[in-house]
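An overview of the molecular structure
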Amino acid sequence: MSNCPNCGKKLKIINVGQFCPHCGANMRFINFEENFYREAKYAELAQANVKAKIKRLKGAFIGSKLTIARLVVAFVPLLTLLIPNGGYSIRLPLLDISRDFGVMGLVSIFTGSDLGYIMGMTGSGVVGADFSALQTALFGYVGAAVAAVLVFLLTVLCFLSIKNMQKIISAFAALGVVLCGVGFALILSFAGKCADTAMIGGKSGFGLLITVVAFIAVIAVNLILDKKGMPVDYEEGMVERAAIYKKLRRGEVKLEDLPQPVVETEKTRALEAKIAEEEAKYRKEIEEEAENDG
């Protein structure tokens, strides 16, 4: 059930025609011009908002050589984690484990029963200290790996903030440097403690040092990009329209209060001039036909 837009009287469910049964008005064309301009203004703003997001997305990833370099170096810390940074071995009558401090080793640890066994052995009165050192070393390496994953994910999401994401990525990469240093020191300490132990042994490596270099490269690229700025090739009026669209969605402005076009640009001015030219030509033709008929 609805009301006639002209007289306001209620329409029955059987009134499916375009003419009002009460006043006879063509309901399809009531306020047609107002609705047309309303839809045109909304389309102008919504389209600009979508285009601005696409432009920002392209600018964040392939807008310049620096943005491409940022995407490449963000993946390098993850790749360096494939290089083992030492390892550990557990030698018991019914158990013989040998793992690396690396991505593949972590996968084996967390998908198998290694972690539960190691955590259980930390309470042992004989080798509890050695297993505690191993557990701490593992968590230190995991911290460095998590930092590498976060740096990569933040780089993938860099379009969310054109101005601030470079600083955020640099901060997490700096945290990665610290965690790599801590992880390397913990693994080195564990390897030193367990070098001569019969049940558990450890060795150190250099993988995390390469990861540190990768994190420093990430910081350097992002800081340079932050200083130079990220180029985004917006069309004239696109940013203004996108900002107005957000205000419209928040209810801060109304379509009825906005002009048409909402934002004037060189393109809209050229279009208006073309329309005015066609209207003048049409009026001239009508006048000429009237004179000929007279």
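Everything below is about the structure printed above this text.
The following refers to the structure shown.

**Observations concerning the pattern of salt bridges**
- Evaluated as defined, the whole model comprises 9 salt bridges.
- Note that Asp226 is salt-bridged to Lys167, the shortest N-O span being 3.0 Å. Pair noted here: Asp226 is in helix H7 (residues 207–228) and Lys167 is in helix H6 (residues 165–193), with a separation of 59 residues, a long-range link.
- Classification of Asp226 by relative accessible area gives partly exposed; the value is 25%.
- For Arg269, the salt bridge identified is with Glu236, shortest N-O distance 3.9 Å. Of the two residues, Arg269 is situated in helix H9 (residues 266–293) and Glu236 in the loop between H7 and helix H8 (238–250); the sequence distance between them amounts to 33 residues.
- Each of Glu236, Glu264, Glu266 and Arg269 takes part in one network of salt bridges that share partners.

**Topic: the layout of surface pockets**
- Put simply, the largest pocket is a space of about 600 Å³.
- As for the largest pocket, its lining consists of 20 residues, of which Glu44, Arg241, Pro261, Thr268 and Leu271 are closest to the centre.
- Within the residue set of the lining of the largest pocket, elements represented by two or more residues are helix H1 (32–62), H8 and H9.
- Here the lining of the largest pocket gets 7 residues from one element, more than from any other, and that element is H1.
- Among the residues forming the lining of the largest pocket, the class breakdown is 8 nonpolar, 4 polar and 8 charged.
- Empty space within the second largest pocket amounts to approximately 160 Å³.
- Lining the second largest pocket are Asn49, Ala52, Lys53, Arg56, Tyr234, Val239, Ala242, Ala243 and Lys246.
- When residues of the lining of the second largest pocket are traced back to their parent elements, those giving at least two are H1 and H8.

**Focus on the nonpolar core**
- In terms of nonpolar packing, the biggest core is built from 44 residues, with Tyr88, Phe101, Leu134 and Phe190 touching the most fellow members.
- Elements supplying a minimum of two residues to this core: H1, strand S3 (86–92), helix H3 (103–111), helix H4 (114–121), helix H5 (128–156), H6 and H7.
- The dominant element in this core, judged by the number of residues it contributes, is H5, at 12 residues.
- Beyond its immediate chain neighbours, meaning those up to four positions away, Tyr88 contacts Ile97, Ser98, Arg99, Phe101, Ile109, Asp114, Ile118, Leu134, Leu138, Phe190, Gly201 and Gly202.
- Core analysis: the second largest hydrophobic core is formed by 9 residues, Leu45, Ala46, Leu248 and Leu255 among them.

**With respect to the pairing of S3**
- Buried residues dominate S3, accounting for 5 of its 7 residues.
- As paired strands, S3 and strand S5 (residues 200–204) are joined by 5 bridges and run antiparallel to one another. In the strand pairing of S5, Ile90 is matched with Ile200.
- In the sheet, S3 pairs with strand S4 (residues 95–100) via 6 bridges, with the strands oriented antiparallel. Bridge assignment links Tyr88 to a residue of S4, and that residue is Arg99.

Reading guide: rules and limits
Residues numbered from 1 in each chain as written. Predicted model: local features only at pLDDT ≥ 70, side-chain atom pairs only at ≥ 80, totals over all residues. Heavy atoms only, no water. Salt bridge = Lys/Arg side-chain N within 4 Å of Asp/Glu carboxyl O. Helix = DSSP H or I, 4+ residues; strand = E, 2+ residues; numbered from the N terminus. Buried < 20%, exposed > 50% of the residue type's maximum accessible area, 1.4 Å probe, protein only. 1 Å grid on protein atoms, 1.4 Å probe; cavity = no way out; pocket = protein on both sides within 12 Å on 5 of 7 lines; lining within 4 Å. Points joined across faces, edges and corners; volume = space filled by probe spheres on them. Nonpolar A, V, L, I, M, F, W, Y, C, P; charged D, E, K, R; others polar. Core = buried A, V, L, I, M, F, W, Y, C linked by side-chain atoms within 4.5 Å. Contact = heavy atoms within 4.5 Å. Pairing = 2+ DSSP bridges.

Honestly, it's all geometry; don't read function into it.
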